[in-house]
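Descriptive analysis of the structure
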Amino acid sequence: MLPWIKRASFKRKIFVYMFLLSIVPLLVLGTFSTLSTAKIVQEEVDHNHQIILRQFQYQINDFLKKLESASLQLASNIVIEKSVEIGPVTSDLGQTFAAIDTVQKLRTYSDINLDISLIYNKFKKVYSTRDGYINQADFSYNELVKRTGYKYNAATVISPNQDQGLNELLIVRPVPTFNVEAPDGVLVIHVQTERLIELFNQAQLGEERKLLVIDDKGTIVMSQDSRELGSKLTPSSELYRFWQNPESFTSEFTLDGVGYNLSAQKSGMNNWTYIAMTPTKELSRKSDNIKYVTWSLVGLLTLLWVLLSLIGSSRLYNPIQRLLHKFAGDDKPGQGYKDGLEALDSIYQHMAKTNERLRSELSERMPFWKEAFVQQLLRGEMSEADIRGKMEQHGMPLSGAYFYVCLIDVDEYGRFKQQYLENDRSLLLYALRKMIEEIAEESFSCMTASPIPGQVAVIVGVDKVNETSDQALEALADEFRSKVRQFFQFTVTVAVSKAQRGYGGIGEACQEASDLIGYRLLMGNDVNISQHAIEPSIRQSSSSLLHGQKKIVTALAKGDLAEASAQLEQMIQIVPQYVHNSETVLGLFAYLLGELDYLLQEWGQEPREWFEKDPYKQLYGMESLNEVKEWLKQTVFPQVVQALQDANLPKRKKQVQQALFYIHEHFETDLSLQQVADTIQVSPSQLSRMFKEETGFAFGDYVIDFRMEKAKEWLAHTEMPIKDIADRLRYTTVQNFTRIFKQVTDMPPGQYRKQFRHHED
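Here the structure is a predicted model, which means the values were calculated and not measured. (Residues numbered from 1 in each chain as written. Predicted model: local features only at pLDDT ≥ 70, side-chain atom pairs only at ≥ 80, totals over all residues. Heavy atoms only, no water.)

1. Details of the overall build of the protein
Of regular secondary structure, the protein possesses 28 helices and 17 strands. Taken over 761 residues, the protein has a buried fraction of 43%. Surface exposure of the protein reaches about 41,900 Å², of which carbon and sulfur atoms provide 52%. (Helix = DSSP H or I, 4+ residues; strand = E, 2+ residues; numbered from the N terminus. Buried < 20%, exposed > 50% of the residue type's maximum accessible area, 1.4 Å probe, protein only. Areas by Shrake-Rupley, 256 points an atom, 1.4 Å probe, with all protein chains shown as cover.)

2. Digging into the packing of aromatic side chains
Evaluation of the coordinates by the stated rule reveals 17 aromatic pairs. With a centroid separation of 5.9 Å and an interplanar angle of 45°, the aromatic rings of Phe737 and Phe741 are classed as tilted. Of this pair, Phe737 and Phe741 both sit in helix α27 (residues 734-745), four residues apart, which is roughly one turn of that helix. The class of Phe737 is buried, set by a relative accessible area of 0%. Through a chain of ring-to-ring contacts, the aromatic side chains of Phe667, Phe691, Phe697, Phe699, Tyr702, Phe706 and Trp714 assemble into a single cluster. Stacked on the ring of Trp714, the Lys or Arg Arg728 has its end atom at 4.2 Å from the ring centre. (Phe/Tyr/Trp six-rings, centres within 6.5 Å; stacked < 30°, edge-to-face > 60°. Lys NZ or Arg CZ within 6 Å of the ring centre and 35° of its normal.)

3. Things to note about the pattern of salt bridges
Under the defined criterion, the tally for this structure stands at 20 salt bridges. Note that Arg728 and Glu668 form a salt bridge whose closest N and O atoms lie 2.9 Å from each other. Of this pair, Arg728 sits in helix α26 (residues 722-728) while Glu668 sits in the loop between α22 (651-666) and α23 (673-680), placing them 60 residues apart in sequence. Judged by its relative accessible area of 33%, Arg728 is partly exposed. One connected set of salt bridges, linked through shared partners, spans Arg107, Asp115, Arg130 and Glu168. (Salt bridge = Lys/Arg side-chain N within 4 Å of Asp/Glu carboxyl O.)

4. Comments concerning the pairing of strand β7 (residues 210-214)
In terms of residue burial, β7 counts as a mostly covered element, since four of its five residues are buried. Looking at chain direction, β7 and strand β11 (residues 273-279) are connected through five bridges and run antiparallel. The residue bridging Leu211 from the neighbouring strand is Ala276, located in β11. Judged from the three bridges that link them, β7 and strand β8 (residues 220-223) form a sheet pairing that is antiparallel. Bridge pairing in β8 places Val213 opposite Met222. Where β7 hands over to β8, the hairpin turn is made up of five residues, of which Gly218 adopts a positive phi near 85°. (Pairing = 2+ DSSP bridges.)

5. Quick look at unusual backbone geometry
In this model, Val175 is joined to Pro176 through a cis peptide bond whose omega is 0°. Mapped onto the elements, Pro176 comes out in the loop between β5 (168-175) and β6 (185-192). Of note in the backbone geometry, Gln681 takes a positive phi value of approximately 65° without being a glycine. By relative accessible area, which is 72% here, Gln681 ends up exposed.

6. Quick notes on the sheet that holds β6
Read across the open sheet, the six strands follow the order β3-β2-β1-β6-β5-β4; overall the sheet is antiparallel. The sheet is open, and its two borders are formed by β3 (132-135) and β4 (156-158), each paired with just one other strand. Here the average twist between neighbouring strands, direction ignored, is 20°. Both strand β1 (residues 115-120) and β6 contribute to a ladder of six bridges, which runs antiparallel. Across the sheet, residue Ile119 finds its bridge partner in β6, namely Val186. Along the sheet, helix α3 (residues 78-86) makes contact with β1, β5 and β6, crossing β1 at roughly 40°. (Axes fitted to C-alpha atoms, helices over the stretch in contact; angles between N-to-C directions. Contact = heavy atoms within 4.5 Å.)

7. Side note on the environment of Ile116
Mapped onto the elements, Ile116 comes out in strand β1. Considering only alpha carbons, one finds Ile116 and Gln104, twelve residues apart in sequence, at a separation of 8.5 Å.

8. What about the packing of helix α25 (residues 699-717) against α27?
At a minimum axis separation of 11 Å, α25 and α27 run at an interaxial angle of 95°. Here α25 is positioned roughly perpendicular relative to α27, judged by the angle of their axes. Contact residues: α25 offers Ile704, Met708, Ala711, Lys712 and Leu715, while α27 offers Phe737, Ile740, Phe741, Val744 and Thr745. Here the residues of the contact of α25 with α27 are counted per class, giving eight nonpolar, one polar and one charged. (Parallel < 35°, antiparallel > 145°, perpendicular 65-115°, else oblique. Nonpolar A, V, L, I, M, F, W, Y, C, P; charged D, E, K, R; others polar.)

9. Quick look at the pairing of β11
For β11, the buried fraction is high: seven of the seven residues fall into the buried class. What you see with β11 is no split at all: Thr273, Ile275, Met277 and Pro279 on one side and Tyr274, Ala276 and Thr278 on the other are buried throughout. Examined bridge by bridge, strand β10 (residues 258-266) and β11 share seven bridges and lie antiparallel to one another. Directly across from Leu262, in β11, lies its bridge partner Met277.

Written out as structure tokens, the structure reads:
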């Protein structure tokens, strides 16, 4: 072979070398591809499995969290606790009906189709949303619940098919929730297995995959096949070994004569294991297809390279004279190198003219490139080395060891867009940017860009950072705003970041300035905003804001627009002193909208029927506190009052609702029946009768129970002295408070606090 190559012509040598250089890598690549196909397919399947398992785990965890939350909400409800304590049928039927109503409400408002059972252990009765009141012995899951037991401060999950006839997932909690030894009652939430199978269908497994969910005891909790639910893995099975230690399992798993590849994902929430199973034949088929395609491509490319090698060797074998002759145009070959050089010189001249034209076009495009470059700086998309290289290459006028970023943002940009046509806006913003550049360039090394419409970003470079440089930037921001007021018909707000070291810190400084712009909602328009400017001098407690919201809701419930507006004014005054960013401010008023939404629903009104537009979207589109205040006073509050006045509730029910709002707002004052009656403009006897009929409680009993609930909350979650609690709840002596508290809870306040803390520990 070697002697033949040596004797071959130069053209043949080129062909052989080109062919070998092209075909050898193809053969190596094809061989490597076929050998690594199985591994690649396996990794792809494992990756897809992990994605599916994580997605499905999230769905299951979210599903279980909803069920556990619903169980905790019911099990810790004071009405449910009282009901299981006094029994389902007593002289106080109001308590029984209240418990039933509480259960039915949760079931109605839940987005999961479920049934609820409440076991009265002391009275051997069960209330079920499915069967009503039945004897405990007739309850299908009575023995299973007893045998399974309860968990402290957590729900017990019982998978389907644990007993014959059990085709439901059960969520079990003791009532009260802290009593797991001998609870007064037990709350059981039932979910049909069809709901579990729906979750599997949502996972969209495809390709004959199977999915299993196995709890920490080896029980199959969920599966597409309802017959597998509740079955336990046997220690001798391969699936049990994989469940115990997925990393050590390397063999193929066989089920009903079909081989499967397994992948597992363990949940951190409840220690359940999610297993995905893909038929091995699917993997083999994919691997064979890849091999077939790979070698087909190798063969095709080999034929193609043979053809290219033939053509390439012929073209590369042409002598230099033919190249010169080609450049020389119509000149004949054999005239020497002179004509050829003239042809090459002509080509060079043409290339020089082309380069000059390209240089001119580049100069015209330089402003656009510069804008894109500054935008990249502001977004922090380049490394320090890349920035310096481009700075030196194109002579950018930005120098310094530290950099500030000033964001100049047009105030009330929505109104600005409505006031000017698009062309006029473009001219105004262009003039604004040029003016800002001229002002900044007088004292600093700087560059500008327009990150978004209505905003100009200025990068300012300084050699040293100290109090003097910070003051200079503040003065520059003042000059920006002053010149805008002088020459334009609008104002701007200027956010000034802290200085960041090096070009790489420009992106961070821009992000800080962008965050500062958000504080304009608190501080108003035409201001400078910096970290120093937003530090509040007064800290107002959050209880003041929430207290003000409650007063607004109470006033609107009474139809008193003037009082609601006055309370809103007080809130607006203290918001900037307490809340430190726009998102929290909007969240605060979104919470108020939620309270009003709840108020309308309590009065039998549908909020969407009273608001033409989504109030939450309107709120988050506003740019100042004054705009939010006027919108609430002029639009939202009148619509809420009108909706309450048009409510279909009987007048008596409306009056009782107003009384409840007043009690919840003034429970820390010397409440009296006469005082509340005067507030809703009825006689004390009439209020007493209506209150008892609507709530099932006497007025005095309700006030005592409400205050005792507050006392338990303060004892459990605060370090407030018992004397202070008694004073706040308007008891004349600690002894009197202790006596009432013991009557309600069967223990004195101090013991209640110790017991609660003990259970927490």
